[in-house]
Amino acid sequence: MPRVFPADSVGLVKPQTMQIEQPLQLACGQQMDGYRLVYETYGRLNADKTNAVLVCHALSGHHHAAGYHSDDPREKPGWWEACIGPGKPLDTRRFYVVVPNNIGGCHGSSGPNTRNPATGRYWGPDFPPLRFRDWVQSQRQLADRLGIDCWAAIVGGSLGGMQAMRWALEYPERLRHAVVIASAMALTPLNIAFNALARQAITADPAFCGGRYLDQGGARPDVGLALARMTAQVTYLSDSAFAQRFGRALRQGSFARGQVSELQFEVESYLDYKGKQFSADFDANSYLLILRMLDFFDLAREYDDDPVAAFSHALCKFLVISFSSDWRFLPERSREITRALIAAGRDVSHLEIATDRGHDAFLLPLPRYIDAFAAYMRNVGDEISQ
Amino acid sequence: MRIDHRIIAPWVAPGSRVLDLGCGDGALLAHLRETRNASGYGLENSAEAIRGCVERGINVIEKSLERELDDFGDNSFDTVLMTFALQVMKHPDIMLAEMLRVGRECIITFPNFGHLPVRLALLFRGRMPVTRRLTYQWYDTPNIHFCTVADFEALCRAKGYRIRNRAMLSRGFSAPLKDLWPNLFAETAVYHLSN
């Protein structure tokens, strides 16, 4: 019997692949002679091609943002099922939602775990060091191929928000709205420090082999990658989110007197699971590549480090959303974005959602967040149908 | 539409850049956008009111009004507005100075604590006044700095602010007398100031 999907889900979806033959001139000076993009779309592109919304994914994300790939009732929906679907903020009855897997990633688009056509070998650590503008440029090439001159909105959480902001500066006339969620104009030293821990964890794994583990065909640095993800996962939640979810409950062992037993707390078991799940699904070289992109990113660098000067190049309207307990991308980072936008005279609304769910909140169906995001997107939809 | 919004609109120059402190659901900004082609931002801290702004397509920044407006540069707005919020401020005098730093002009609406029913409540009932506009009990009111029309003008004189316009609002018995003797008969006062 075919599976019945929830009414507010896009249901069964299929990834698409596009081979881009145009060369991509990268910010590092190298050039890619062509590349592959895997992407999903939800909803229908209207005749004027004005209702397209680009969703930029975050570190662990990919093209599968909504719906399901199979009839298997155990399969979980895409990573942003909370926000994409009929009646949801990115309402697929109105919008044509496009979600590419960024190059350098590891879910089908050209990246370190794909083969370099020039050599026939895995790119591995030799994949060109990308910058955010390269992602934006490749997304622009995708838009060109889909015939989309101007996105109704570009939306992203965390580093997805960084891509949306970069779009607004690079191709100002090609988007009407930017929705920047739980993001920042640059990483703080603390964030770079967290990334350094992740890098160390991966490169210290003996299976890493200088990044050539795919060529060697043996073990992958799963232990290092899992450890990297575990440290990151800790920073995505908050003290109280951990407390609420796990308390001090034991998964294994006992506190009883007169007994000796190996203890495992529920929170440890959770982190262990998250780490293993991630290392099975992600490529270590991709992770290293994207972490360095994040470290490198600084929206205002080429505008004399002046965010106001940077945003004076933007033409779109902005919605900025932050979460009170997010200590990876603090609400203050979002306030900096908003202050610069105001000083640059740009249209901006800024919401600070009170929650104890930390950075991860941007993926969750928090009522106030979803409701305000939906209200904003309704206006975006009304604008294009006028 | 709220009557003070109708009074305020003509005081805002066409095409102005405005900042509304405690903008509620954005009704005033929407009115100024329609009638004066004004653009700008509202500051608000109520989630429900913020949603109203987003629905109207009004730029709203979620923020509590503190002592200073340090997010904004000098003279970065033509007009800074504050309707029915001055009495909630911890430092109304500093806020007023901030409004005239950030904006070239400001417009303020506040309940007149010198209004006759307010005085009578204290005089005859010996109780803190609870009126149509001032609906809170003394212990749960957010209003911590009430003033009268006379108090407000004294502050303006002391600080050297110029009163460009003022309007008094009243209903019922005090309406015919509000302009003759504002301090006693105005329920609400609307002031338009500059440095």
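Residues numbered from 1 in each chain as written. Chains lettered and ligands numbered in written order. Predicted model: local features only at pLDDT ≥ 70, side-chain atom pairs only at ≥ 80, totals over all residues.

### Side note on the overall build of chain A
Phase 1: A count of helices and strands for chain A gives 11 helices and 12 strands.
Phase 2: Relative to the compact-globule value of 21 Å for 386 residues, chain A shows a C-alpha radius of gyration of 21 Å, a close match.
Phase 3: With respect to the principal axes defined by its C-alpha atoms, chain A has extents near 75 × 55 × 50 Å.
Phase 4: Taking all 386 residues of chain A together, 49% fall into the buried category.
Phase 5: A separation of at least 24 residues holds for 71% of the contacts in chain A among residues at least 6 apart in sequence. (Helix = DSSP H or I, 4+ residues; strand = E, 2+ residues; numbered from the N terminus. Rg over C-alpha atoms; globule rule 2.2 N^0.38 Å. Buried ≥ 20, exposed ≤ 12 C-beta atoms within 10 Å, placed from the backbone. Contact = placed C-beta atoms within 7 Å.)

### So, the domain arrangement of chain A
Accessible area lost upon the coming together of the parts serves often as the stated size of an interface.
Residue and element names in this part refer to chain A.
Phase 1: Split by domain assignment, chain A resolves into domain 1 (16-186 + 300-385) and domain 2 (192-291).
Phase 2: In this assembly, 23 residues from domain 1 lie in contact with 18 residues from domain 2.
Phase 3: Looking at the side of domain 1 that touches domain 2 residue by residue, the class counts come to nine nonpolar, nine polar and five charged. (Domains from an automatic or database assignment. Nonpolar A, V, L, I, M, F, W, Y, C, P; charged D, E, K, R; others polar.)

### A look at the packing of helix 5 (residues 222-236) of chain A against helix 7 (residues 266-281) of chain A
Residue and element names in this part refer to chain A.
Phase 1: Running from amino to carboxyl end, helix 5 crosses helix 7 at an angle of 125°, the nearest separation of the two axes being 8 Å. Classified by the angle between their axes, helix 5 and helix 7 sit oblique to one another. Crossing handedness for the pair helix 5 and helix 7: right-handed. Of the residues in helix 7, those in contact with Asp222, Leu225, Ala226, Leu227, Arg229, Met230 and Gln233 of helix 5 are Leu271, Lys274, Gly275, Lys276, Phe278 and Ser279. (Axes fitted to C-alpha atoms, helices over the stretch in contact; angles between N-to-C directions. Parallel < 35°, antiparallel > 145°, perpendicular 65-115°, else oblique. Left-handed = near helix turned anticlockwise from the far one by under 90°.)

### A word on the confidence of the model for chain B
Close inspection of predicted coordinates is inappropriate for parts of the model with low pLDDT.
Phase 1: Mean pLDDT over chain B stands at 93; residues scoring 70 or higher make up 99%.
Phase 2: Note on the complex model: pTM 0.95, ipTM 0.92. (pLDDT = per-residue confidence, 0-100.)

### With respect to helix 10 (residues 331-343) of chain A
Phase 1: The first and last C-alpha atoms of helix 10 of chain A sit 18 Å apart over 13 residues, in line with the 18 Å expected at 1.5 Å per residue.
Phase 2: Those residues of helix 10 of chain A lying buried are Arg333(A), Ser334(A), Ile337(A), Thr338(A), Arg339(A), Ala340(A), Leu341(A) and Ile342(A).
Phase 3: Here the buried face of helix 10 of chain A lies against strand 8 (177-181), helix 9 (307-311), strand 11 (317-323) and strand 12 (348-353) of chain A together with strand 2 (39-44) and strand 3 (60-62) of chain B.
Phase 4: Of the residues trailing helix 10 of chain A, Gly345(A) is marked for its positive phi of about 75°. (Expected span 1.5 Å × (residues − 1).)

### Quick look at the nonpolar core
Residues and elements named next belong to chain A.
Phase 1: With 161 residues, the main nonpolar core has Val53, Val97, Ile154, Ala164 and Ala178 as its most contacted residues.
Phase 2: Both domains that meet at this core, namely domain 1 (16-186 + 300-385) and domain 2 (192-291), each give it at least three residues.
Phase 3: Those residues in contact with Ala178 that lie beyond four places of it in its chain are Ile154, Ala164, Met165, Trp167, Ala168, Cys316 and Phe318. (Core = buried A, V, L, I, M, F, W, Y, C linked by C-beta atoms within 7 Å.)

### Let's talk about the interface of chain B and chain A
Phase 1: Counting residues at the interface gives 13 residues for chain B and 16 residues for chain A.
Phase 2: Elements with a contribution of two residues or more to the side of chain B that touches chain A: helix 3 (47-56) and strand 3 of chain B.
Phase 3: A per-element tally of the side of chain B that touches chain A places helix 3 of chain B first, with five residues.
Phase 4: Grouping the amino acids of the side of chain B that touches chain A by side-chain chemistry returns six nonpolar, three polar and four charged.

### Brief notes about the pairing of strand 6 (residues 96-100) of chain A
Residues and elements named next belong to chain A.
Phase 1: Burial analysis of strand 6 places five of its five residues in the buried class, the great majority of the element.
Phase 2: In strand 6, alternate side chains face the same way, and those of Tyr96, Val98 and Pro100 on one face and Val97 and Val99 on the other are all buried.
Phase 3: Two elements, strand 4 (residues 35-42) and strand 6, share four bridges in a ladder whose sense is antiparallel. Bridging from a neighbouring strand, Glu40 pairs with Val99 of strand 6.
Phase 4: Of the pairings in the sheet, the one linking strand 5 (residues 52-56) to strand 6 comprises three bridges and is parallel in character. The residue bridging Leu54 from the neighbouring strand is Val98, located in strand 6. (Pairing = 2+ DSSP bridges.)

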